[in-house]
Structures are given as structure tokens and as C-alpha cells.
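Residue-level structure breakdown
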Amino acid sequence: DGNPWRGCGHPDPGHGWNSGRVQRDQGFIAPGSGNDAFALGYYLGDDLPFSSRLARRFTVCDHSYASVLGPTYPNREYLHSGHSGGNKTNYLPLEEGGFTWETIWDRLEAAGVSHGYHYTDLPTTLLWGPRMLQWASTVDDYFTRCADGTLPQVTFVDPGFLTGSRTDNHPHGDVRAGEAFVRDVFGAFAGSEHWENGLFVLTYDEWGGFFDHVAPPTFADDRASTNDAENFGQAGFRVPTVMASPYAPPGSVDHQVYDHTSILRFLEWQFLGAPAEGPGRDGDRWFLTSRDRNANNIGASLRTKPWRDLDLDVDVSIDPPSADCDAAEGASADATSQTGDVVGAAYEKHAFELALDAGYFERVGFTPRPSPMARNWITA
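Residues numbered from 1 in each chain as written. Predicted model: local features only at pLDDT ≥ 70, side-chain atom pairs only at ≥ 80, totals over all residues. Heavy atoms only, no water.

1. Digging into the packing of helix α3 (residues 72-81) against helix α7 (residues 261-271)
The line we're drawing: Interaxial angle, 0 to 180 degrees, is taken between N-to-C directions of lines fitted to C-alpha atoms, where a helix line uses only the stretch in contact. Here a strand is any run of E in DSSP of at least two residues, a helix any run of H or I of at least four, and the numbering for each starts at the N terminus. Between 65 and 115 degrees an angle is taken as roughly perpendicular, under 35 as roughly parallel, over 145 as roughly antiparallel, and anywhere else as oblique. Contacts are residue-level and defined by heavy atoms, with any inter-residue pair within 4.5 Å sufficient. Residues are grouped as follows: nonpolar covers Ala, Val, Leu, Ile, Met, Phe, Trp, Tyr, Cys and Pro; charged covers Asp, Glu, Lys and Arg; every other residue, Gly included, is treated as polar.
Where α3 meets α7, the axes come as close as 7 Å, and the angle between the chain directions of the two elements is 10 degrees. Comparing their axes, α7 and α3 come out roughly parallel. Residues Y78, L79, H80 and S81 of α3 form the contact with α7, whose own contacting residues are T261, I263 and L264. When grouped by side-chain class, the residues that make up the contact of α3 with α7 number four nonpolar, three polar and no charged.

As C-alpha cells, this is what we get:
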């Protein structure tokens, strides 16, 4: 009957490489899925007052998939670089001091395209090591740049992942804190001078183990395989994705098939010489991998002329998060396996919390500095 758990006390559904394949083949609460009935729950529009308004007002992509049927890190690696380096797990490059392969940020830098990444507490782009620090700044800086009209051409904003600033809508974060975060991040952009010629994309890294009735497709991939256990061309289940822009058809549903690399494909079209659609010509070098080269461009459905009568009221009242969320800090961190599959009912820290505990961020030269604004989102 919808309206599932809020707050911080429920175990994280399975969403690893192995449990995802069980969910695909045998069902979301089958043995080995890592799930209980929580995975069958869902929110109603009134439970997500800002996200539902954003979805109704702009364009929803109803066939937008996680890039791989696996956990957080591999999907984020696809979002930034078009592949995961063959990683199926939330592998930390501790020995390497960060991954060394090329990302979209390297390509934008080489092309002279201005860009910036904004974090709330932990910069996830540091999976690629210290070289990414030069392009990272706090979410506070994002709000300042919106107000000043000084955002770069490409801007990425991450929520908070740590207890005390968690706004990522991931168990055990409270969805109401995530709603307030998205409302304020979007509101700052929509109220800036960048809005008139801008596109705001809201998406999630993976499906989180929650039920979906649509079977995920397979995509072209440098590590595609006929062996399902090794097939990186196998997409994960659908993730919520909304395009908000004066150029996005209002109240529309885009049925085109996308994954995270469709966002790369849009940037490559806008800034790096890619064609609007298709893999281009022999000898082209605008793509990172075969995945983004063959991905559908998420911006293809945008209009060439803006709508002029858009209602941009973002003053949405959101109930405060549960007061017990901070109490989870310091709880057991060993209830998630290396593949991201749930193996126990204790509180599981987010993968990035585990990276912090492992000393990864300090190793690459970063000391966590949670945004002072985070307290506003998780307490009000």
C-alpha cells in the first residue's frame, strides 16, 4: 500500500552484482535477493512533494537505467568515465591512490570547457585520486556561484553521504532530508541567470534493491560478455531521472532508453564534437568507451526554443526528517558484503562512509569538511 519506511532504522535492500541478478531472474524477495518486503514499498506523490512537482512540471525519463546491475561505485564510475575498470564491487583503489583512467572531467579540461564538481561532505570523484581535487568545491560554493551567475558550463552536485549530513535518499538516510536538498539545489539553479540556457538533470546511481517490473536491457560495452556473471553490458534496473529546463517539454515522458552514459553523450554532443545521435564516424575520438559512444543522447528530446510560461515555484513545504537519524552514527559497518549484498540486519554504513573509515580520503589528500548547510536539510 505504498508509503514505506522513513528514517534510519531499516536494513539496506540488496543491490549488488549477485543479488541484482537474483532479483532479475527470480524476483525481488527471492532467496539470495538480499531483500525483505521493504523492497516492494514505494512512495506516493505527497510523500515526495518536491520531486513529484519537478516530475510533473518537466520531463521524466521512464526508461533510464543504472549502467550496470551492480552497486554504487561501478555505476558512479560509468557516470564519470563510461566504464568501471572491470570492477563489480565497491572496490577502493587504496593501493593505486585512485583510478588512473580518463574521465569526462579530463576531456572537458582538455577541450577548455569550464566545469566544476560540488560535494556536501565527501567528493566521490576522488575515486580517481588527488588530481580531481582541483575541480572539487563545497556545495556552499555552488549556491554562491548560482547567486553570482558564475557557474561553469558543466556542474555536478552530490548530496551528503555521512550521518549528520545524509541527503542521498539511500537507506538509512531520511527521504525528507533528500527532498529538501533537491529542492534547494534546483531552486538555486532555477533562480539564477544560468536557468534561461540551462539543463538540470536529477538522477540516482543505482536502483537500491527496490522493485521494478521492467527487465533491464543490455548495452554495447567494452566488457560485454555472453557469460552473465561477467557481462558489464547488463544494465541495472531503472532509476528516477528528470530533465528540468526551459527547453524540456513540460509534463512530458521521454520513452527513449538511457543509462548514465547518456549524460556523458549529451556533454560530448554539446562540447566535444559528437553528433546528436549515433556512434559517429571511424576515426572519431570524442567518446571515452564504446558504451558512451553508442548511448542515446539524453538531451535529444530538448526543444530548440525555450518555453516561456514555465511555473518555477519551488517554495515547497517538506516535513522535517526523523530525529533518530543521528543516533545511527557509529553503528555496525560490517553488514554489507564486498559485492554490496546485504548479509545482516544491522545498520549498514553507506559505501562512502566505509571508504572514509578505511582512510581512503585522507590517503588522497582530502579531509572531510561537511557543509554547514547540511544541518538545515537534515533537521528542518
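There is more to say, and it comes next.
2. Observations regarding the nonpolar core
To be explicit about the condition: In this text, buried Ala, Val, Leu, Ile, Met, Phe, Trp, Tyr and Cys residues form a nonpolar core when linked through side-chain atoms within 4.5 Å. Summary of the burial criterion: residues with accessible area below 20% of their type's maximum are buried, those above 50% are exposed, and those between are partly exposed, where the area comes from a 1.4 Å probe applied to protein chains only.
I104, W105 and F361 are the most contacted members of the largest nonpolar core, which totals 45 residues. Elements with a minimum of two residues in this core: α3, α4 (104-110), β3 (115-119), β5 (154-157), α7, α9 (351-357) and α10 (360-363). Sort the elements by how many residues they give to this core and α7 lands first, with four residues. By size, the runner-up hydrophobic cluster in this structure holds 25 residues, among which are F58, F186, L202 and A374.

3. Concerning the packing of helix α2 (residues 49-57) against helix α6 (residues 175-190)
As a packed pair, α2 and α6 sit with axes 8 Å apart at the nearest point and diverge in direction by 45 degrees. Taken together, the axis directions place α2 and α6 in an arrangement best described as oblique. On α6, the residues touching P49, F50, S51 and L54 of α2 are E179, V182, R183 and F186. In the contact of α2 with α6, the residues fall into five nonpolar, one polar and two charged.

4. Examining the environment of G236
Among the structural elements, G236 can be located in the loop between β6 (200-202) and β7 (242-244). Exposure remark for G236: the relative accessible area of 0% places this residue in the buried category. Contact partners of G236, with chain neighbours within four places excluded, come to Y65, A66, S67, V68, L69, W207 and P216.

5. Considerations on the sheet that holds β5
Rule in force here: Pairs of strands are assigned from DSSP output, requiring at least two bridges between the strands.
With parallel pairing, three strands are arranged side by side in an open sheet as β4-β3-β5. Each edge of the open sheet carries a strand with a single partner, namely β4 (136-138) and β5. Across the sheet, the axes of successive neighbouring strands diverge by a mean angle of 30 degrees, strand direction being ignored. Both β3 and β4 contribute to a ladder of three bridges, which runs parallel. The residue bridging Y119 from the neighbouring strand is T138, located in β4.

6. Side note on α3
Counting buried positions along α3 gives 10 out of 10 residues, so the element sits mostly inside the fold. Of the surrounding secondary structure, the elements contacted by the buried residues of α3 are α4, β5, α7, α8 (290-294) and α9. Remark: G82 follows α3 within two positions and exhibits a positive phi of approximately 85 degrees.

7. What to know about the pattern of salt bridges
Let me state the cut-off plainly: The salt bridge definition used is simple: a Lys or Arg side-chain nitrogen within 4 Å of an Asp or Glu carboxyl oxygen.
Taken as a whole and assessed by the stated rule, the structure comprises 16 salt bridges. Note that R24 and D25 form a salt bridge whose closest N and O atoms lie 2.7 Å from each other. In this structure, E102 and R107 form a salt bridge, with 2.9 Å as the shortest nitrogen-oxygen distance. You can call E102 partly exposed: its relative accessible area is 37%. Given the relative accessible area of 18%, R107 is considered buried. Within this structure, R21, R24, D25 and D228 form a network of salt bridges that share partners.

8. A look at the sheet that holds β6
Ordered in space as β6-β7-β1-β8, the four strands form an open sheet in which the pairing is mixed. What marks the edges here is a single partner per strand, and that holds for β6 and β8 (252-254). The mean inter-strand angle of the sheet, taken between neighbouring strand axes irrespective of direction, is 25 degrees. Here strand β1 (residues 59-61) pairs with β7 via two bridges, running antiparallel. Considered in β7, the bridge of T59 is made with M243.

9. Notes on the packing of aromatic side chains
Applied cut-off: The criterion for an aromatic pair is that two Phe, Tyr or Trp rings (for Trp, the six-membered ring) have centres within 6.5 Å, with stacked assigned to planes under 30 degrees apart, edge-to-face to planes over 60 apart and tilted to the rest. In this scheme, Lys NZ or Arg CZ marks a charge over a ring once it lies within 6 Å of the ring centre and within 35 degrees of the ring normal.
Tallied over the full model, the rule gives 28 aromatic pairs. Ring centres 5.6 Å apart and planes at 90 degrees place the aromatic pair F186 and W195 in the edge-to-face group. F186 sits in the buried class, given a relative accessible area of 2%. Here the aromatic residues F50, F58, F186, F189, W195 and F200 are joined through ring pairs into a cluster of three or more. In this structure, R21 is placed above the aromatic ring of W17, and the distance from its NZ or CZ to the ring centre is 4.1 Å. Between the NZ or CZ atom of R303 and the centre of the ring of W307, over which it lies, the distance is 4.0 Å.

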